Amino acid sequence: MRSLAGGAGCGAGGGCAVSERRFDLIVFDWDGTLFDSTALITRCIQSACVDMGLPAPSDRDASYVIGMGLVEALQHAAPGLARDRYGELGSRYRHHYSTRQHELALFDGVLGLLDKLGQRGHLLGIATGKSRLGLDEVLATVELHGRFDATRTADQTASKPHPQMLLELMDELGVDAERTLMIGDTTHDLLLASNAGAASVGVGYGAHEHSGFAEHRPLFVAHSVAELEDWLLRHG
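Notes on the structure follow.

Here is what the cut-offs are and how they apply
Within every chain, residues take consecutive numbers counted from 1 along the sequence as written. Reporting of local features is limited, given that this is a predicted model, to residues whose pLDDT is at least 70; pairs of side-chain atoms are given and counted only at 80 or more, and all residues count toward the totals for whole chains, interfaces and linings. Remark: hydrogens and water are excluded; side-chain values derive from all non-hydrogen atoms of the structure. One side-chain nitrogen of Lys or Arg within 4 Å of one carboxyl oxygen of Asp or Glu is enough to make a salt bridge. Numbering of helices and strands runs from the N terminus, with a helix taken as a DSSP run of H or I at least four residues long and a strand as a DSSP run of E at least two residues long. Relative accessibility decides the category of a residue: with a 1.4 Å probe and only protein chains considered, values under 20% of the type maximum give buried, values over 50% give exposed, and everything between is partly exposed.

## Regarding the pattern of salt bridges
Across all of its chains, the model carries 13 salt bridges by this definition. Put simply, Arg152 and Glu172 hold a salt bridge, and the shortest N to O gap is 2.9 Å. Of this pair, Arg152 sits in strand β5 (residues 150-153) while Glu172 sits in helix α7 (residues 164-173), and the two are 20 residues apart along the sequence. For Arg152, a relative accessible area of 14% gives the class buried. Take Glu172: its relative accessible area is 41%, and that puts it in the partly exposed class. Note that Asp230 is salt-bridged to Arg234, the shortest N-O span being 3.0 Å. Of the two residues, Asp230 and Arg234 are both situated in helix α9 (residues 225-235); the distance of four residues between them amounts to about one turn of the helix. When salt bridges with common partners are traced through the structure, they connect Arg21, Asp24 and Arg179 into a single cluster.

Below is the structure:
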């Protein structure tokens, strides 16, 4: 675990200067925040519904559920399906996703952002609607191995926006809510932070329209990874 002593701000030129840190723990959502997967997840939900003989949800309805646990997401996207068939719908979703997930990548600038936050001494976490298996698979890659201090997935604990996911991360890493920042691209992420008593930052390049963020009072809404990095190094 990284030390919480001190703090350093890293400028665009690569140098780091000592600065005051507002947040000791920064927790990221995964899909649509760090990982450019929103469009693919939307298409896979729609394809799975069609496979089951259901009408495909609109892009808006399919993308709205991103960030929830898979079961909760599919129940929202296909509310007319018999309860005992959601397992089959989930299997169809996973089939479509697994055949195309090789197309996905981190948003440009994410690795640099994580490096700079690590240099400042922030603890880094992930709170995601992905499964534990799915998250571990991607975090095992060379570029991401060891970059996060703790993670939680929807099949380990309560799905967003229930606060349990974030509360468990804070407890594991020994950080109070007022020293914790949640970053995400959906209202589920921002409400998760609010429910856990933590601050939040929204990103406007993911699944949800940023016009719906205001009621959850994020400290900032970033419209690119570069904007997010600039704000975090100045105010995080």
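What follows continues from the structure just given.
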